[in-house]
Amino acid sequence: MTYFYLDRFQQAEFFAEKVNELPLAPNNLLVKKRANEALSLVAGKRGQFDKAYQYQVVANALSLQILNEQKVKENAYQMARFDSVEKNRENTSLIQDHELLMQQKDLFMKEKSSSIMFSTLLVGVSVGLLLLLISAWMQRNQFMKQAQCDGLTGIFNRRTGQELAENEFIEAQTAREPFCVLLMDLDLFKNINDQFGHATGDWALKKFTAVIAALLRPNDIFTRMGGEEFAIFMPKIDKLSAMEFAERIRIEVSQINTRYSGHEFTITVSGGVSYANKDDLSLDPLIQRADLALYRAKHNGRNCVVCYDNSFAPHTPSDPA
Ligand SMILES: Nc1nc2c(ncn2[C@@H]2O[C@H](COP(=O)(O)OP(=O)(O)OP(=O)(O)O)[C@@H](O)[C@H]2O)c(=O)[nH]1
């Protein structure tokens with residue numbers, strides 16, 4: 001164009017032709033348009049109006065193409081902007097969703113931890129209560145045992161043993177079943193205490209109890225009546241079997257090895273057996289008769305068993321056995 005305005009048409013035409021030969025790439029559109037305009041002007045100056053017109057048409061077409069290119073670029077730019085705005089919006093929404101999720105997660109974790117705390121507390125309180133109940137129950141059992149049993153030997157004390165035996169006796173009488181009592185008294189026990197001391201006497205009482213406990217039947221009620229006097233209340237056993245059992249006890253006791261007490265001595269026991277009559281209304285007369293038999297055993301020289309019979313008391317009720 002510069003050459004054209006300097007009236008150097010030939011040079012203007014030469015360079016415009018050169019530019020016009022460039023390929024129809026988007027970067028070349030503008031220069032090609034200007035080249036065609038220059039060629040059109042040159043042709044117009046030379047009076048070649050047809051040619052000028054054609055160059056002008058090409059220049060216009062190129063202008064249009066340039067305009068289209070710009071529009072396409074603008075559209076692309078707008079689309080890109082729109083995309084970017086849309087992506088930003090999506091990002092913001094995603095971030096908000098994420099924050100919401102995190103808050104929900106936080107809430108869930110808090111709820112979970114408080115529920116775990118509550119469960120732990122509940123389990124702790126339950127276990128504590130259970131332990132308290134168990135210890136109360138064990139204490140109750142211990143108190144009951146202490147109230148029912150003799151502290152030294154662990155067998156029933158007189159009150160409990162006689163109470164249990166009384167019930168068994170009434171049941172036996174109602175069912176017309178036999179019932180026997182064996183009263184036992186350790187022989188010359190005072191001598192053991194005096195010679196070897198009270199602790200050895202205690203050892204002898206415990207050993208004596210253990211030996212007899214091993215011989216008892218499940219129904220027998222073994223009782224410490226007091227001091228060195230013991231009783232076995234025997235439901236469902238006749239006087240013959242009761243005598244055999246008493247004799248067995250006597251022998252076993254006489255064979256106790258006392259070496260483990262630290263002293264060597266002999267333990268013997270005397271026994272009195274009585275049996276229930278149909279006229280007996282309570283356990284007391286049986287115990288009294290067993291006591292008489294025991295007294296007779298002591299009188300007979302100790303270390304023996306005597307069974308009560310009518311000869312002890314000629315005026316007592318008749319003996320059906
Ligand atoms: N070590 C000890 N001795 C006891 C216990 N209870 C009673 N005794 C003693 O037992 C002895 C009983 O003596 P006595 O009643 O004279 O009778 P015994 O010496 O066994 O003579 P006999 O019964 O006639 O054979 C007393 O010395 C009491 O102190 C006890 O729990 N432990």
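Residues numbered from 1 in each chain as written. Predicted model: local features only at pLDDT ≥ 70, side-chain atom pairs only at ≥ 80, totals over all residues. Heavy atoms only, no water.

The chain carries the name diguanylate cyclase in an unreviewed UniProt entry, which gives Shewanella inventionis as its organism.

Peer 1: What's the story with the packing of helix α6 (residues 189–196) against helix α7 (residues 198–213) in this structure? I'm lost.
Peer 2: When two helices pack together, you describe them by how their axes are tilted relative to each other and by the distance separating the axes. Their axes nearest at 6 Å, the elements α6 and α7 cross at an angle of 135°. Relative to α7, α6 is oriented oblique. Residue-level contacts link F189, I192, N193 and F196 of α6 to H198, T200, G201, A204 and L205 of α7. Its residues assigned to classes, the contact of α6 with α7 shows 5 nonpolar, 4 polar and no charged. (Axes fitted to C-alpha atoms, helices over the stretch in contact; angles between N-to-C directions. Helix = DSSP H or I, 4+ residues; strand = E, 2+ residues; numbered from the N terminus. Parallel < 35°, antiparallel > 145°, perpendicular 65-115°, else oblique. Contact = heavy atoms within 4.5 Å. Nonpolar A, V, L, I, M, F, W, Y, C, P; charged D, E, K, R; others polar.)

Peer 1: What should I look at first to understand the pattern of salt bridges in this one?
Peer 2: Pairing between side chains becomes possible if they bear opposite charge and their charged atoms approach one another. On inspection of all chains with the given rule, the structure shows 14 salt bridges. Residue K278 is joined to D279 by a salt bridge in which the shortest nitrogen-to-oxygen separation is 3.7 Å. Classification of K278 as exposed rests on a relative accessible area of 57%. If you follow the salt bridges from partner to partner, you end up with D185, D187 and K298 in one network. (Salt bridge = Lys/Arg side-chain N within 4 Å of Asp/Glu carboxyl O. Buried < 20%, exposed > 50% of the residue type's maximum accessible area, 1.4 Å probe, protein only.)

Peer 1: Would you explain the UniProt feature "transmembrane region" (unreviewed entry) in the chain in this entry?
Peer 2: Sequence positions flagged by UniProt for "transmembrane region" (unreviewed entry) are, in local numbering, residues 115–138. As annotated, residues 115–138 has a helix share of 100% and a strand share of 0%, and its two end C-alpha atoms lie 34 Å apart. (UniProt positions renumbered as here; feature names shortened; annotations may be inferred.)

Peer 1: Teacher, can you tell me more about the sheet that holds strand β1 (residues 179–186) here?
Peer 2: Note on sheets: strands pair through backbone hydrogen bonds, and any given pair is parallel or antiparallel. Read across the sheet, 5 strands follow the order β2-β3-β1-β4-β5 without closing on themselves; strand pairing throughout is mixed. Single-partner strands in this sheet number two, and they are β2 (221–226) and β5 (305–307). Adjacent strand axes in the sheet meet at a mean angle of 20°, parallel and antiparallel pairs treated alike. The sheet contact formed by strand β4 (residues 269–275) and β5 spans 3 bridges and is parallel. Pairing of G272 across the sheet is with V306, part of β5. Sheet contacts for helix α5 (residues 158–174): β1, β2 and β3 (229–235); angle to β2, the most-contacted strand, approximately 135°. (Pairing = 2+ DSSP bridges.)

Peer 1: Where do I start with the site of the ligand in this structure?
Peer 2: Around the ligand sit 16 residues, and of these L188, F189, N193, D202 and R224 come closest. In the environment of the ligand, an oxygen atom lies 3.0 Å from a nitrogen or oxygen atom belonging to the side chain of D185. A distance of 2.9 Å separates an oxygen atom of the ligand from a polar atom in the side chain of R302. Contact with the protein chains covers 67% of the free accessible surface of the ligand, which is 660 Å². Put simply, the parts of the chain that give the shell around the ligand at least two residues each are β1, α6 and α7. The greatest single-element share of the shell around the ligand, amounting to 4 residues, is contributed by α7. When its residues are assigned to classes, the shell around the ligand shows 4 nonpolar, 4 polar and 8 charged. (Near = heavy atom within 4 Å. Polar contact = N/O pair within 3.5 Å; in protein donor to acceptor, adjacent residues only side chain to side chain. Areas by Shrake-Rupley, 256 points an atom, 1.4 Å probe, with all protein chains shown as cover.)

Peer 1: Got a minute to help me understand the nonpolar core in this structure?
Peer 2: In this structure, L182, M184, F208, I232, M234 and I249 are the most contacted members of the largest nonpolar core, which totals 31 residues. Apart from the residues within four sequence positions on either side, M184 is in contact with F208, I212, F222, E228, E229, F230, I232, I249, V269, S270, G271 and L294. Grouped together as the second largest cluster of nonpolar side chains are 16 residues, A172, F179, L183 and A231 included. (Core = buried A, V, L, I, M, F, W, Y, C linked by side-chain atoms within 4.5 Å.)

Peer 1: What's the story with helix α8 (residues 239–254) in this structure? I'm lost.
Peer 2: Since the α-helix advances by 3.6 residues per turn, residues separated by three or four positions end up pointing in the same direction. With 16 residues, α8 should cover 22 Å at 1.5 Å per step; its first-to-last C-alpha distance of 22 Å lies within 8% of that length. Regarding α8, the residues found buried are A242, F245, A246, I249, R250 and V253. Here the buried residues of α8 occupy an arc of 140° about the axis, which is enough to place them on one side. Away from its buried face, by an angle of more than 90 degrees, α8 presents the exposed residues L240 and E244. Of the surrounding elements, those touching the buried residues of α8 are β1, α7, β3, β4 and β5. One side-chain oxygen of the residue at the start of α8 lies 3.2 Å from the amide nitrogen of L240, identifying that residue as D238. (Expected span 1.5 Å × (residues − 1). Arc of directions from axis to C-beta.)

Peer 1: I keep staring at the packing of aromatic side chains and nothing clicks. Help me out?
Peer 2: Centre distance and the angle of the planes are the two values used to describe a pair of aromatic rings. Tallied over the entire structure, the rule returns 9 aromatic pairs. Relative to F15, the ring of F14 has its centre 5.2 Å away and its plane inclined at 75°; by these criteria the two rings are edge-to-face. Residue F15 is classed as partly exposed on the basis of its relative accessible area, which comes to 40%. Here the aromatic rings of Y308 and F312 are separated by 4.9 Å at their centres, their planes lie at 45°, and the arrangement is tilted. The pair Y308 / F312 is uniform in exposure class, with both members buried. Ring-pair connections join several aromatic residues into one group, and the members of that group are Y3, F14 and F15. Its end group placed over the ring of F312, R296 keeps NZ or CZ at 4.1 Å from the ring centre. (Phe/Tyr/Trp six-rings, centres within 6.5 Å; stacked < 30°, edge-to-face > 60°. Lys NZ or Arg CZ within 6 Å of the ring centre and 35° of its normal.)

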